Protein chains: 2
Amino acid sequence: MAASSLIVKNVCNHITLTPAEQEYFVSLLQPMELKRKQVLLKEGEICRFSAFVTEGCLRGYSVDNNGYEHVLSFAPANWWMADMYSLISQKPGILYIDALEDTSILTLSKIHQQTLYKEVPAFERFFRIITENSLVAYQQRLLDNLSLTAEDRYNSFCKRYPSLINALPSKQVASYIGVTPEFFSKMRNKLLRKQ
Amino acid sequence: MAASSLIVKNVCNHITLTPAEQEYFVSLLQPMELKRKQVLLKEGEICRFSAFVTEGCLRGYSVDNNGYEHVLSFAPANWWMADMYSLISQKPGILYIDALEDTSILTLSKIHQQTLYKEVPAFERFFRIITENSLVAYQQRLLDNLSLTAEDRYNSFCKRYPSLINALPSKQVASYIGVTPEFFSKMRNKLLRKQ
DNA sequence: GGCACGGGTTAATCCAGATTAAGAAAAAAG
DNA sequence: CTTTTTTCTTAATCTGGATTAACCCGTGCC
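Residues numbered from 1 in each chain as written. Chains lettered and ligands numbered in written order. Predicted model: local features only at pLDDT ≥ 70, side-chain atom pairs only at ≥ 80, totals over all residues. Heavy atoms only, no water.

As recorded in an unreviewed UniProt entry, chain A goes by cAMP-binding protein and comes from Filimonas zeae.

Here it is as structure tokens:
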């Protein structure tokens, strides 16, 4: 199955597993199909699994007091997604997670993740490493938000995620870099005229 | 020694270690004293260790193109600090780390950390857990920056770090929440007048 | 076909927070 | 205690980006 070979490859980028361990890992995963706009997790719910995207794209976002959405992260194919706060604490979360297009995922429940840690301790290492990488990305993004103009953040986004920039509705990119769709439109036209 | 008992307690909050493992861990640490304003790491240098603060307070920050500083994190006693990007990749980093007051730290070199993972695999778990917690905090802070006004971010900071608010120069808090010292001063006076 | 709806654009107006400048207060350093 | 350096404050002005509102366009969908 193509989906599980993708996730095994993703894992084996960072740790080495025996064939038996690979098989065991895959046996803990639950495939799931999402339609465009289908909601996987709502604010206030407890996040009971991580999702690995094998096709399509997920979006994690929060909704503020004024009803505006703020995109925390996108997860295209080969990325992991969860409401980490809720997943760790098993308390009601703050994120919505939905599908920006028809999307296939493999879910790993919190319970299975914990048994996985016991059975195959190398997964402690795997999740440590991807969490570290994720942490670094969020630190950089925070610094970008503190120090760059919207224009520079947009350029930064284009460089870092060249494949996403044309795949996503610009509304979503605007939300990710932290501006309104109106301003985003104006800004992008200005940049186009420049070049 | 009080310093090493503090760090052992910090670790044993999340994993259990035998006395021998504890002793081994402590043997890998190097104590270090920093004077107020002393710089531990500069932008462009490679970060070769994590620092655990036993007394005082460290600050991690970047300097933008206009020479303005942006505080990424504070590390008071009982916190860890590093330029994670550089520590992981062993490439030149983007952060400065300095001491806001006279500070005592225990350093764990990247090399020692790696042998520690081999000798005491539970440390994979420990660093996974504190990295996860850190990730969640940065995600929340990013969402705060995307969705809250400066005033709300200040209130949020006060709630989350009540002990830091009076210990730190307000200039530093201003930088952390992402406003200028001038605006911070104005804002705080407005809040005082309100109550 | 018509029609509702979400996504994108444009333009006018508005405002949170930056910038600039200068002085006051506090705290290091000597 | 004095000097120097930093930090903090106040006030005037300015601006990046938000808000509001209107319109356009594609694309389901009845």
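**Details of the overall build of chain A**
Secondary structure assignment for chain A yields nine helices and eight strands. By the compact-globule yardstick of 16 Å for 195 residues, chain A fits well, its C-alpha radius of gyration being 18 Å. Based on the C-alpha atoms only, the size of chain A along its principal axes is roughly 55 × 35 × 30 Å. Taken over 195 residues, chain A has a buried fraction of 49%. Looking at chain A alone, contacts between residues at least 24 apart form 68% of all its contacts between residues at least 6 apart. When the accessible area of chain A is evaluated, it comes to approximately 10,000 Å², of which 52% is carbon and sulfur surface. (Helix = DSSP H or I, 4+ residues; strand = E, 2+ residues; numbered from the N terminus. Rg over C-alpha atoms; globule rule 2.2 N^0.38 Å. Buried < 20%, exposed > 50% of the residue type's maximum accessible area, 1.4 Å probe, protein only. Contact = heavy atoms within 4.5 Å. Areas by Shrake-Rupley, 256 points an atom, 1.4 Å probe, with all protein chains shown as cover.)

**Observations concerning the protein's contact with DNA strand C**
A:Ser170, A:Lys171, A:Ser185, A:Asn189 and B:Ala150 are the nearest of the 17 residues found near DNA strand C. Here a phosphate oxygen of DNA strand C and a side-chain polar atom of A:Asn189 are 2.3 Å apart. Listed by contribution, the elements that provide at least two residues to the surface near DNA strand C are helix H8 (170–177) and helix H9 (181–194) of chain A together with helix H6 (150–160) and helix H9 (181–194) of chain B. With four residues, the single largest contributor to the surface near DNA strand C is H9(A). In terms of residue class, the surface near DNA strand C is made up of five nonpolar, six polar and six charged. (Near = heavy atom within 4 Å. Polar contact = N/O pair within 3.5 Å; in protein donor to acceptor, adjacent residues only side chain to side chain. Nonpolar A, V, L, I, M, F, W, Y, C, P; charged D, E, K, R; others polar.)

**A short note on a negative patch on the surface**
Residues and elements named next belong to chain A. A cluster of acidic residues, Glu-33, Glu-55, Glu-101 and Asp-102, forms a negative patch at the surface. Within the secondary structure, Glu-55 sits in strand S3 (residues 49–55). Given a relative accessible area of 53%, Glu-55 falls into the exposed group. (Patch = residues over 30% accessible without salt bridge, like charges linked within 9 Å, V, L, I, M, F, W, Y side chains within 5 Å. Salt bridge = Lys/Arg side-chain N within 4 Å of Asp/Glu carboxyl O. Lys, Arg positive; Asp, Glu negative; His and termini not counted. Charge placed at Lys NZ, Arg CZ, Asp CG, Glu CD.)

**Notes on the protein's contact with DNA strand D**
As a matter of local geometry, DNA strand D sits amid 17 residues, with A:Ala150, B:Ser170, B:Lys171, B:Ser185 and B:Asn189 nearest to it. Here the atoms of DNA strand D within 4 Å of the protein split so that 76% fall in sugar or phosphate, with bases taking the remainder. In this structure, B:Ser170 approaches DNA strand D through a main-chain N or O atom, which is 2.9 Å from a phosphate oxygen. Contact distances for DNA strand D include 3.1 Å between a phosphate oxygen and a side-chain N or O atom of B:Arg188. When residues of the surface near DNA strand D are traced back to their parent elements, those giving at least two are helix H6 (150–160) and H9 of chain A together with helix H8 (170–177) and H9 of chain B. With four residues, H9(B) is the single largest residue contributor to the surface near DNA strand D. The residue inventory of the surface near DNA strand D, partitioned by class, reads five nonpolar, six polar and six charged.

**Remarks on the interface of chain B and chain A**
Frequently, the measure chosen for interface size is the accessible area removed from exposure when the parts meet. The interface is formed by 31 residues belonging to chain B together with 31 residues belonging to chain A. Together, the buried faces of chain B and chain A total about 3,200 Å²; carbon and sulfur atoms form 72% of this surface. Counting every contact that joins chain B to chain A gives four salt bridges. Residue B:Glu124 is joined to A:Arg128 by a salt bridge in which the shortest nitrogen-to-oxygen separation is 2.6 Å. Remark: the boundary between chain B and chain A carries 10 residue pairs in polar contact (both at pLDDT 80 or more). Those elements that place two or more of their residues in the side of chain B that touches chain A are strand S5 (69–76), helix H3 (84–89) and helix H5 (122–147) of chain B. In terms of residues, the side of chain B that touches chain A owes the most to one element, H5(B), which gives 19 residues. (Buried area = accessible area lost by both parts, 1.4 Å probe.)

**Observations concerning the relation of the copies chain B and chain A**
Superposition of the two copies of the chain requires a rotation about an axis together with a shift along that axis. Between chain B and chain A, which share one sequence, the superposing operator has a rotation angle of 180 degrees and an axial displacement of 0.0 Å; the RMSD is 0.1 Å. In short, the pair behaves as if placed about a two-fold rotation axis. Nearest to the rotation axis, the C-alpha of B:Arg128 is located 2.1 Å from it, this being the minimum over chain B. Both copies share a contact surface, since 100% of the interface residues of chain B are interface residues in chain A too. (Least-squares fit on C-alpha atoms with pLDDT ≥ 70 in both.)

**Section: the sheet that holds strand S4 (residues 57–63) of chain B**
Residues and elements named next belong to chain B. Strand order in the open sheet formed by four strands is S2-S7-S4-S5, and the pairing between neighbours is antiparallel. Looking along the sheet, the strands with just one partner apiece sit at the ends: strand S2 (39–41) and S5. Within the sheet, the average angular offset between the axes of one strand and its neighbour, ignoring direction, is 30 degrees. In the sheet, S2 pairs with strand S7 (residues 96–99) via two bridges, with the strands oriented antiparallel. Bridging from a neighbouring strand, Val-39 pairs with Asp-98 of S7. (Pairing = 2+ DSSP bridges. Axes fitted to C-alpha atoms, helices over the stretch in contact; angles between N-to-C directions.)

**A closer look at the pairing of S7(B)**
Bridging between S4(B) and S7(B) involves four bridges; their strand directions are antiparallel. Residue pairing across strands places B:Arg59 opposite B:Asp98, the latter belonging to S7(B).

**Focus: the sheet that holds strand S6 (residues 80–81) of chain A**
Residues and elements named next belong to chain A. Pairing within the open sheet is antiparallel, and its four strands lie in the order S1-S8-S3-S6. The outermost strands of the open sheet, each flanked by one partner alone, are strand S1 (30–34) and S6. As paired strands, S3 and S6 are joined by two bridges and run antiparallel to one another. The residue bridging Ala-51 from the neighbouring strand is Met-81, located in S6.

**Remarks on the packing of helix H5 (residues 122–147) of chain A against H5(B)**
Two elements in contact, H5(A) and H5(B), have axes separated by 8 Å at closest approach and are oriented at 25 degrees. The orientation of H5(A) relative to H5(B) falls into the category roughly parallel. Viewed along their axes, H5(A) and H5(B) form a crossing whose handedness is left-handed. Taken together, the residues of the contact of H5(A) with H5(B) break down into 10 nonpolar, eight polar and 10 charged. (Parallel < 35°, antiparallel > 145°, perpendicular 65-115°, else oblique. Left-handed = near helix turned anticlockwise from the far one by under 90°.)

**Let's talk about unusual backbone geometry**
At A:Lys37, a residue that is not glycine, the phi angle is positive and equals roughly 75 degrees. Along the polypeptide, A:Lys37 turns up in the loop between S1 and strand S2 (39–41).

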